[in-house]
Amino acid sequence: MQSLFEKVQQMGHEQVVFCHDAHSGLKAIIAIHNTTLGPALGGTRVWNYKSHEDAIVDALRLSRGMTYKNAISGLNIGGGKAVIIADPSQKSEVLWRRYGRFVNSLNGKYITAEDVNTNTSDMEFVSLETKFVTGVPEYAGGSGDPSPFTATGVYMGMKASAKKAYGNDSLAGKKVLVQGTGHVGQYLIGHLVAEGAKVMVSDIDAAKIKSAVEKYRNIEVVDNAGIFDLDMDIYAPCALGATLNDDSIGRLKCAIVAGAANNQLADENAHGPMLVKKGILYAPDFLINAGGVINVSAELEGYNIEKVNSAVEKIYNRTLDIYALSEKENTHPQAAAMIMAQQRLDDIAKMKSRM
Ligand code: NAD
């Protein structure tokens, strides 16, 4: 089996930090993948991982995704991410403030924000101990919840994908399955309902489904277990990663996959090409879900909402550029997006080495 250090070497991480505090019960991993473009920025996920190895692998994969996401989005920040191994019910002021002190000890090499199971109030606690935090509430001087911006970016990527697949970008009448009706999922449903798409939703949490149904009438609730056998035009994964695998791709009947979840392809080298073979257009996750980081990173340079909105809207054209590049390079869209991101990283590294 590959050792942890071999994995870190293979994935190209700069630094991985294990944080432990017996008093608060904090067990966190901060993974800094690449700081070529600037300090590493990425959210903190709280998840009750089955094993420590699962948590480490998640932190490594998520932080690497942030490097590509930030690079392709034209941001001057590097890629990092953190995970806290805990049940969300264990979150407390003390846990967040202790975590904030660990973030602070990295002196700005890593800047945090929210992710799955974390919110603006959690980041407010973190901000009591460090200035290296974004996504804090507006009343505390931050830009608030990044999820609406993520959802708008995903919507842009989905429309561009429709343009590529159908010749026009209207989603009216299209059957779209949104898997995961959490923060991003619900804002995405709002865009889709407004455009007249036929929206189906699934979640493992009945309370999240209830809140979506209360907000948006005319959406159809489907059983999460059978989603890959449904007849649909577009699958929007907005829950967790790795939902595109041998089993699901074998069953999927849709023209497009475009969603917010990070690391949707269980294995990008196997499942990117598999989707192409099935004739399914895949909008690279790290490209179209960048709205949130575009928004929180704006806090670092003096927040300007017009600039943020314009950067999020650019996801539409960038998605079309990636589809064109994937045809030119005869590769799948995720690989094409990685080529474009890596090109910027290499160019900036070269430019900095000459200074
Ligand atoms: P969230 O925790 O608010 O929502 C996730 C939802 O998915 C929850 O309702 C949860 O019950 C549901 N879920 C979990 N496992 C599921 C499963 N197996 N099947 C169906 N539903 C399941 O998180 P979020 O902030 O909405 O983020 C959603 C995804 O988008 C995550 O993968 C996150 O990393 C990614 N993302 C979020 C942002 C952001 O701005 N919030 C930015 C970029 C990427």
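Residues numbered from 1 in each chain as written. Predicted model: local features only at pLDDT ≥ 70, side-chain atom pairs only at ≥ 80, totals over all residues. Heavy atoms only, no water.

**Thoughts on the site of the ligand**
- Within the structure, the ligand sits among 24 residues, and Arg45, Thr150, His183, Asp203 and Ala239 are positioned closest to it.
- Between the ligand and the protein, one listed contact pairs an oxygen atom with a side-chain N or O atom of Asp115 at 3.2 Å.
- For the ligand, whose free accessible area comes to 820 Å², the fraction covered by protein is 89%.
- Sorting the residues of the shell around the ligand by element identifies helix H5 (147-166) and helix H6 (183-195) as the ones contributing at least two each.
- Of the residues belonging to the shell around the ligand, the class tally is 8 nonpolar, 10 polar and 6 charged. (Near = heavy atom within 4 Å. Polar contact = N/O pair within 3.5 Å; in protein donor to acceptor, adjacent residues only side chain to side chain. Areas by Shrake-Rupley, 256 points an atom, 1.4 Å probe, with all protein chains shown as cover. Helix = DSSP H or I, 4+ residues; strand = E, 2+ residues; numbered from the N terminus. Nonpolar A, V, L, I, M, F, W, Y, C, P; charged D, E, K, R; others polar.)

**Digging into the environment of Lys163**
- In this structure, Lys163 sits in helix H5.
- Judged by relative accessible area, which is 38%, Lys163 ranks as partly exposed.
- Residues Lys163 and Gly241, spaced 78 residues apart in sequence, show a C-alpha to C-alpha distance of 25 Å. (Buried < 20%, exposed > 50% of the residue type's maximum accessible area, 1.4 Å probe, protein only.)

**A closer look at the pairing of strand E1 (residues 15-21)**
- In this structure, E1 lies alongside strand E2 (residues 26-34), joined through 7 bridges in antiparallel fashion. Bridge pairing in E2 links Val16 to Ala31. (Pairing = 2+ DSSP bridges.)

**Focus on the domain arrangement of the chain**
- If you check the domain split of the chain, you get domain 1 (4-65 + 78-140) and domain 2 (147-291 + 317-341).
- Each partner contributes to the interface: domain 1 provides 10 residues, whereas domain 2 provides 9 residues.
- Between domain 1 and domain 2 the total buried area reaches about 700 Å² when both faces are included, carbon and sulfur atoms providing 45% of it.
- In terms of surface lost to domain 2, no three residues of domain 1 exceed Trp47, Arg61 and Arg64, which account for 53% of the buried area on that side.
- Taken together, the links from domain 1 to domain 2 amount to 1 salt bridge.
- Glu268 is the salt-bridge partner of Arg64, the closest N and O atoms lying 3.1 Å from each other. (Domains from an automatic or database assignment. Contact = heavy atoms within 4.5 Å. Buried area = accessible area lost by both parts, 1.4 Å probe. Salt bridge = Lys/Arg side-chain N within 4 Å of Asp/Glu carboxyl O.)

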